[in-house]
Amino acid sequence: MAAAPPCCAVRVRGAGGGDGDGGGGSGLVLSRRPGLVLCHAAVFAPFLRAGPAAWARPSALPPSALRPCPRLSVVLRGEAGGLRELGARLLALVPCAPFRQALERGLGRAERWRFGAEEEAAGTDPRALPWFAWLRVPGLDAAEGGWAARASAGCLRKGQALLACGSPFGDLCPELFLNTLSRGVVSNLAGEENALVLTDARCLPGTEGGAAFVPSPAGPRAVAVIAASLCWKGAEWVGLTLLCSLAAILRCSAAVLGEAGVAVPPVPAWVAAVPASGGRDPLGWTALVECGATWGSGVLLAPRLLLTCRHVVEARAPLRVTPAAGPGQDAAAVLWGRVVFATEESSPFDVAVVELEESVPGFVPPCLASTFLPGEEVTVLGFGALGRACGPSVTAGILSAVLAVAGRPVMLQTTCAVHGGSSGGPLVSSGSGSLMGIVASNTRDTGAGATYPHLNFCIPITVLQPLVARYRRTRDPAAFAGLNRAGDGVRAAWQLQQRPGHPSKL
């Protein structure tokens, strides 16, 4: 990205002015005529007259809603390379209704989502997530200035590249942390015109109020604002960043800004370039697999043949398979399936083979990878994170390790964020678009009780492809029986321990 993103750090100080009396975050410089900065409203929580109950209001809060109104400033990078701090005043705190609705639908209470900190009490009040603050910064006024380049989140597609910009730890030591960049992809989308965006760009506390940008021929365009940098779902660290559509915030802020004499120009129409894929869209291979109360992901290899993990279909219940809908497509119909083979529990390979009662319409089979190069860029698709609510999520990373036994790959490790519900989903080469394997699990430290989504394990497609070909030729499920007869070397790799030695706690 050639041009520096128009971001800053935001300082919020109480009347006493001490460092312990207030907080800080990140901000987005949206306009220089007049000078306007948009940031997240959670930094104002200690000053709300009505306390946390104020976040339940459906309409904007004026500066008088704060007691007392804190002293505000923004910290930016100067043209000569140093830092400059400019005074600011609050115009209003504004809720984004489409984002709030998407949160309620996609991240329901039953899923036990938490944001901002691992400890329950220290996390961000979820009611504050849809709130944003507008700051007037006269020192940013420029006669030749205008609004920052923007794009509509409605044009985003899963897997599209994003660049997040924010200041870790807010206004703490901006000499080191101001406007730090993190690269990722669009992991999932929800709500009206994609009001809610999840990305796997890794952000830290204090970056809330920073922005996500999409590349364009004319330079980066701001598309969303960071609402929460860290997310937990139950006891599982999700490792994704929660964004709110900038276009949605602007629509909800039009009246407030209009009262201040600011006219919001429309977000320019813009459509992201979609790389050519030869008609092979990995979303078209991905399916939701439901078996009783258990659900996970699956990979379609043929119109009526699907691979998933044994632990997804263990329950003796009817099996429902829902292929993922592609961009602009209606929701796919639910298909019934039956398990024709599942590995034994003692097998190192957690695999099940499912035959569908009906064919998936218009299915285009994947190309299968034959080689694996550590360090190559890869993508995982699956129904983790937002799960069944918003279709499969997409996370990107690299192939971090290839474990081989007797010269044949038996396990792939990646740095993609993998969550509960992703089991059975496809691992795809980001370069060639070929199917490399299926996700088996992420990592859990049983001693500490911690889950590590960025360390995960996949079964190489080269292990499965010859067996699938034999089954399709003979229709005999015994074609897969060799998965139950893996040698000691393969078993040792998948038991996460070396022999001799102490058993792994992972």
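Residues numbered from 1 in each chain as written. Predicted model: local features only at pLDDT ≥ 70, side-chain atom pairs only at ≥ 80, totals over all residues. Heavy atoms only, no water.

Colleague: Please provide a residue-by-residue account of the sheet that holds strand β5 (residues 83-95), values included.
Modeller: The strand order around the closed barrel formed by six strands is β1-β2-β3-β7-β5-β4, and the pairing between neighbours is antiparallel. Taking the axes of each pair of neighbouring strands and ignoring which way they run, one obtains an average angle of 40 degrees across the sheet. When strand β1 (residues 7-13) meets strand β4 (residues 71-77), the two strands line up antiparallel, connected through five bridges. Across the sheet, A9 pairs through a bridge with V75, a residue of β4. (Pairing = 2+ DSSP bridges. Helix = DSSP H or I, 4+ residues; strand = E, 2+ residues; numbered from the N terminus. Axes fitted to C-alpha atoms, helices over the stretch in contact; angles between N-to-C directions.)

Colleague: Lay out the sheet that holds strand β18 (residues 305-308) in plain terms, naming residues and giving numbers.
Modeller: By way of backbone hydrogen bonds, the strands of a sheet pair with one another, either parallel or antiparallel. As summarised here, the arrangement of the six strands in space is β16-β17-β18-β21-β20-β19, forming a closed barrel in which the pairing is antiparallel. Strand-to-strand twist across the sheet, computed as the mean angle between neighbouring axes with direction ignored, equals 40 degrees. Where strand β17 (residues 294-302) lies against β18, three bridges are found, and the strand directions are antiparallel. Bridge assignment links L300 to a residue of β18, and that residue is L306. Running over the sheet, helix α4 (residues 461-474) touches β17, β18, β20 (335-342) and β21 (352-356) and is turned about 145 degrees from β18. (Contact = heavy atoms within 4.5 Å.)

Colleague: Provide a residue-level description of α4, including the pertinent values.
Modeller: Between its terminal C-alpha atoms α4 stretches 20 Å, which fits the 20 Å expected from 14 residues at 1.5 Å a residue. For α4, the full list of buried residues reads I461, V463, L464, L467, V468 and Y471. Viewed along the axis of α4, the buried residues span an arc of 135 degrees, placing them on a single side of the element. Where α4 terminates, the next one or two residues include R475, which has phi positive at roughly 60 degrees. (Expected span 1.5 Å × (residues − 1). Buried < 20%, exposed > 50% of the residue type's maximum accessible area, 1.4 Å probe, protein only. Arc of directions from axis to C-beta.)

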